[in-house]
Amino acid sequence: MCNHYNQLLLDKVEILNGIGNPLISIITPSFNSEKYITDTIESVLNQSFKNFEMIIVDDCSSDSTCKIVESYMNTDDRIKLYKLENNSGAAVARNTALDISKGRFIAYLDADDIWKKDKLEKQVSFMLSTDIAFSCTSYEVIDDLGKDLEKEIHMLIKVDYESFLKNNLLQTVGIMVDTSKIDKSLLKMPLIRRRQDAATWLQILKAGYPCYGLDLILAQYRRTDNSLSSNKIKAIKGIWYLYRKIENLSLMFSCYCFVRYAFLAIWKRIYFKRYQK
């Protein structure tokens, strides 16, 4: 049903030739990302949609990340680099990029993730043609070396505040926000080390802006060995902290949401193992 729904919308998009060419600001925090940053930048430069600025905010990398970014800046002024003076975490880096951004649309791309070449074009057309403010595309998961793990995460047609608490489905790599409809203040991330992105999507949802899913695989989320999401204990602590300390949910409702979250995580793991066989 989701695929049919989105295909109808995309068919409509193809005839909307005069819809405009808005600037998209791409927010990318980086920290010791020399292993991946080239592929990430190349996936942006290869976009079919060309009216963008990519704002990379480096969080005091000690490797060659900044040198790599600077080499791209020398040949393309759409690539921009800002260096933080102190190591401050992804939330500060993203908020800094948000303050600098000039685009109507804000899209998020971490320094180890990758976009398909038509990601921006299809997503911004989807949002403009349907007059929505907040969207997320479906995505696939790759490993540290870029190998496809044959795991696809498909977006729901619509996600509101309560449904996101229960399924935690939205992923930063697929998010896009129209700041002509949603005030930038709602995109300011809380200064926490884990789950700051999820807390931000909850801010937007709580303010009454549902997230609409574009059920096309337009991005690749990299699951690295040292990523926060790959550490199960930290992930559990992070989601519980989000429920209790950031969202101030009651103990009972937090337990309910957490059980739903855990059940869906286990189900997806079992499902994808069967799929891979």
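Residues numbered from 1 in each chain as written. Predicted model: local features only at pLDDT ≥ 70, side-chain atom pairs only at ≥ 80, totals over all residues. Heavy atoms only, no water.

1. Side note on the environment of S125
One can find S125 in helix α5 (residues 119–130). Assessed through its relative accessible area of 15%, S125 is described here as buried. For the pair S125 and G20, spaced 105 residues apart in sequence, the C-alpha to C-alpha distance is 9.4 Å. (Helix = DSSP H or I, 4+ residues; strand = E, 2+ residues; numbered from the N terminus. Buried < 20%, exposed > 50% of the residue type's maximum accessible area, 1.4 Å probe, protein only.)

2. Quick word on the environment of D76
Note on placement: D76 falls in the loop between α3 (65–73) and β3 (79–83). With a relative accessible area of 14%, D76 lands in the buried category. A sequence separation of 31 residues divides D76 from L45, and the C-alpha atoms of the two residues are 9.0 Å apart.

3. Focus: the pattern of salt bridges
Enumeration over the complete set of coordinates arrives at 10 salt bridges. Between K116 and E140 there is a salt bridge, with its nearest N and O atoms 2.9 Å apart. Of this pair, K116 sits in the loop between β5 (114–115) and α5 while E140 sits in strand β6 (residues 134–142), and the two are 24 residues apart along the sequence. Using a relative accessible area of 8% as the deciding quantity, one classes E140 as buried. Here K181 and D131 are joined by a salt bridge, their closest N and O atoms 2.6 Å apart. Remark: D131 occurs in the loop between α5 and β6 and K181 occurs in the loop between β9 (175–178) and α7 (196–206); sequence separation between them is 50 residues. For K181, a relative accessible area of 30% puts it in the partly exposed group. (Salt bridge = Lys/Arg side-chain N within 4 Å of Asp/Glu carboxyl O.)

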